[in-house]
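Structural characterization, general
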Amino acid sequence: MYVAVKGGEAAILATHDLVAEARRGDLAVPEITVAQIREQQALACARVMNEGSLYDQDLAALALKQSQGDVIEAAFLMRAYRTTLPRFGSSEPLDTAQMAIRRRVSATYKDLPGGQVLGPTYDYTHRLFDFALMETEPQRAPSPPAGEGWGEGSRDASDMSSKTGANVSDLRDPSSAPSGHLLPQGEKDRAPLDTTMPRVPDILGAEGLMEAEEPPEGDPRPFDLTRDPVSFPADRDVRLQSMARGDEGFLLGLGYSVQRGFGGTHPFVGEVRVGEVAVEFVPEELGFAVDLGDVTLTECQMVNQFQGSKDVPPQFTRGYGLVFGHSERKAMSMSLVDRALKARDFGEATNYPAQQDEFVLYHADNVEAAGFVEHLKLPHYVDFQGELELIRRIRREREERLAQEQGAKEPDTMPEAAE
Amino acid sequence: MTVHQMPADDTKPAYNYAYLDEQTKRMIRRALLKAVAVPGYQVPFGSREMPLARGWGTGGIQITAAIIGPADTLKVIDQGADDTTNAVSIRRFFERTADARTCEATDEATIIQTRHRIPEAPLKSGQVMVYQVPTPEPLRRLEPREAETRKMHAWAEYGLMQVKLYEDIARYGEITKTYDYPVMVNDRYVMAPSPIPKFDNPKMHMSPALQLFGAGREKRIYALPPYTSVKSLDFEDHPFRIQSWTQPCGLCGAGDSYLDEVVIDDQGGRMFVCSDSHYCETRRAEGHRGTMLGDAAASGLVEETTP
Amino acid sequence: MPAETMIAPGFADPVFQSQAAFRALLAALSEPGMLQQVAGEITPPEGLATATATALLTLADYETPVWLPEALRNGPAGAWLRFHCGAALVDDPADATFAVIDGTADQPKLSAFDLGTDQFPDRSTTVIVQVAALENGPALTLAGPGILGSRTITPQGLRAGFTDELRENRALYPLGVDVLLVHGEGLIGLPRSTQVEEAR
């Protein structure tokens, strides 16, 4: 009796061992720790948290370690874990006006209440290698519990307490504050931040110049695209959710396409702000809000060309982006595409990809996209055999037909050789 | 900083039976009941993110997880074979999460999850076929917008599909779709049969088995109850026909099965073998011998064992 | 708490009892007219057949509004359903994902329930009709998907004109409600795709 040789299971297990080996690399080099990734690759962690739709810096760092730094694979790990988590409820809406600011810049005003706060940014670094980083610093003594940077200089606890009120306890508390990876080296020398940091669109709104952001009628609970299938046209809550977890590169390209003319908006950065916002939750049994801790967020509000009609005086329109961690490029791209996707609401033409909700939403999800693109390496030989059978037969029949025609016309010449 | 509770055994977290939580199973079960009530209609469902990649069977896996129970015996095939890597991987998933009893024999299975094939052995009443579907929308290649294709189904406006098929005939003399060949279900909905070769289409028509289709990434479920009319689209002057080969299976000699092509050397040598590995093995065990069986054993493609 | 002592228990083993019950429901709707049985492992609240209660425990939850006749809604059945399924009980039949009606009651008609929409025919109500018996009544002949040729059922205790309502429902196809005839632990599926005729 004959049986087909079966190696499937053993081969699969062997790939798992090979992955582990490749992940570890040269054993002479010390293994990287999750804490090192969390502290020193925080921007990568932020991207994994965004595209994985889960705010957890440790898990993001673990995902990056496990995936050898493959960001989409890491986001996939986050999502597969997230989907198994029990849901206790929804938090209260976050109030970004109460953000403990690390960075805040506006392109629309030279100066404004709270000022321009450069904070940590690569914007003005010259992209020259810092070869000093090739060498690791000798290990320093562990930081005091107050935590790497937060308790020092002008942002020390006593200073902050008089300035930012409610948020000071969070800043002082190393267990709820992020680990300080975004603080610039030179911040010690900077003046203390202002107490009030009004959001730029709110300033414009006070003048009636900004499109108001009103919740839909009845303020319904937002759609949850991880629980329910999306249908089109998609409402704004669905669009923003989809973009918040969407691929940064895809949104960047779409945002760029809008700027280049594939979409008719003319944006100004009203404001980009980065900092910590408190998350509050109202348990059914308590009936009042409980502070769950802070999350680091980046918010971008784009001010776009105005709209108006006979009935409504002209107003600027808004593009909005809100993402986890320090992720300015993502927040800005999202706000460009958000505005482009409002085209239908404003009665504008929707000729370009960034204006078409179905195009943007279906293709922004890099975990889905990666799965489907990569599934092409699965066996397809059954279908390919169907194609082979067809193409061979069509060619054979064509040759026979040509030979017949040839033979009928010129009985003396030989039929053409097969192709 | 968050503290994570580590499961007692890192490698085996305490997931629910068949991985999905009960609320998710209820949602999928409701979609399945509506799917069998309207054969061929694509029911949107809240497809969950799965620990396997999209495009690798997450729709089929979610359906199997929602229907499987201790009384079931599961067969998983990919390209017709039980031993292809993704079939092995999915079978392992259910062995781990649902303690599933698995088999390779088509007639022993109560649930058959498949990618790209319908087994050669006739299906029986009481069996459930679960198809993994990449693109549930048969009109998608003709009209990329879901908002539009949904209307076309709503109004049974399938003229675009007829035009596309007729263009094929005009250009090539025949319809050139060889797999995922569109079918008309119960004289109402045009349906994608998933990328099975058109060879398998006739097996869907009036099948005694229940056939369920899951598209995880596209978040759609659809179904064919047993004994449902499934017609492959065609024209009177160009009737539907299936693939045929000029030679039988090289291993078991079957002349009625779908064949895979195996390239055996760099001189143009080919061998054709059954894509349905269990069918082929069963026939060989019954004593059927193909002309290439000896060579195949010599080259290690199959093993010769003493009965 | 008195409320809890009043409410009968649901599934003792929800994972496996609901799985088994679902397979019976799936078989019922995919092979219309075939009598299916659910396990008699639960004590249903007053007014609900075992099969009705089992089907609702298996399928209903906070995402699926349920319509019950007023007497049931305000009695132990309503409380039981809220407690075990977390389902909202609705007044308007057209708002219901699932509904339970008495086979002999005049109202509501099948057409009063949600019939789905052209683009989303799946969004229609599934109506559980509690009848006096599933056998030995007047014969109805069924045809359609799930049926090889034709199949005969003989339920008892259906209101006058119910067959016409089923026929009208079929005429709306692919819209329409899906019906489960239920008695005791038995159930028969009559999805909208099934043609129903009174046998001569």
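Reference entry: report on the structure contained in this document. Predicted model only: the values in this text are computed from it and were never measured.

1. With respect to the interface of chain B and chain A
Listed as interface residues are 59 residues of chain B and, on the opposing side, 43 residues of chain A. Where the side of chain B that touches chain A is concerned, the elements lending two or more residues are α3 (85-98), α4 (146-154), β11 (259-263), α7 (277-285), α8 (293-298) and β13 (302-304) of chain B. Among the residues forming the side of chain B that touches chain A, the class breakdown is 23 nonpolar, 19 polar and 17 charged.

2. Observations concerning the interface of chain C and chain B
For interface size, the figure often reported is the accessible area lost on association. Counting residues at the interface gives 29 residues for chain C and 29 residues for chain B. For the side of chain C that touches chain B, the leading source of residues is helix α2 (residues 14-30) of chain C, giving twelve residues.

3. Details of the nonpolar core
Among the nonpolar cores identified, the biggest contains 119 residues, and Leu 32 of chain B together with Leu 56, Val 66, Ala 99 and Leu 181 of chain C are the most heavily contacted of them. Once residues within four sequence positions are removed from consideration, Val 66 of chain C is found in contact with Leu 56, Ala 60, Leu 81, Ala 87, Leu 89, Ala 96, Phe 98 and Ala 99 of chain C.

4. Considerations on the sheet that holds strand β3 (residues 98-102) of chain C
Residues and elements named next belong to chain C. The strand order across the open sheet built from six strands is β1-β8-β7-β4-β3-β2, with neighbouring strands paired in mixed fashion. Each edge of the open sheet carries a strand with a single partner, namely β1 (36-37) and β2 (66-67). When β1 meets strand β8 (residues 186-190), the two strands line up antiparallel, connected through two bridges. Directly across from Gln 36, in β8, lies its bridge partner Leu 187.

5. Quick word on the pairing of strand β4 (residues 126-130) of chain C
Looking along a regular strand, one sees the side chains alternate between the two faces of the sheet. Residue and element names in this part refer to chain C. Counting buried positions along β4 gives five out of five residues, so the element sits mostly inside the fold. What you see with β4 is no split at all: Thr 126, Ile 128 and Gln 130 on one side and Val 127 and Val 129 on the other are buried throughout. Here five bridges tie β3 to β4, and the two strands are oriented parallel to one another. By the bridge assignment for β4, Ile 101 is matched with Val 129. Note: β4 against strand β7 (residues 178-183), five bridges, orientation parallel.

6. Regarding the sheet that holds strand β4 (residues 290-307) of chain A
All names here are of chain A. With respect to topology, four strands assemble into an open sheet ordered β2-β3-β4-β5, the strand pairing being antiparallel. Where the open sheet ends on each side, the last strands, each with one partner, are β2 (100-105) and β5 (315-324). Pairwise comparison of adjacent strand axes, ignoring direction, gives a mean angle of 25° for this sheet. Relative to β5, β4 runs antiparallel, the two being bridged by nine bridges. Bridge pairing in β5 places Leu 297 opposite Phe 324. Contacting β3 (268-281), β4 and β5, helix α11 (residues 328-341) crosses the sheet at an angle of about 140° to β5.

Cut-offs applied
Residues numbered from 1 in each chain as written. Chains lettered and ligands numbered in written order. Predicted model: local features only at pLDDT ≥ 70, side-chain atom pairs only at ≥ 80, totals over all residues. Contact = placed C-beta atoms within 7 Å. Helix = DSSP H or I, 4+ residues; strand = E, 2+ residues; numbered from the N terminus. Nonpolar A, V, L, I, M, F, W, Y, C, P; charged D, E, K, R; others polar. Core = buried A, V, L, I, M, F, W, Y, C linked by C-beta atoms within 7 Å. Buried ≥ 20, exposed ≤ 12 C-beta atoms within 10 Å, placed from the backbone. Pairing = 2+ DSSP bridges. Axes fitted to C-alpha atoms, helices over the stretch in contact; angles between N-to-C directions.

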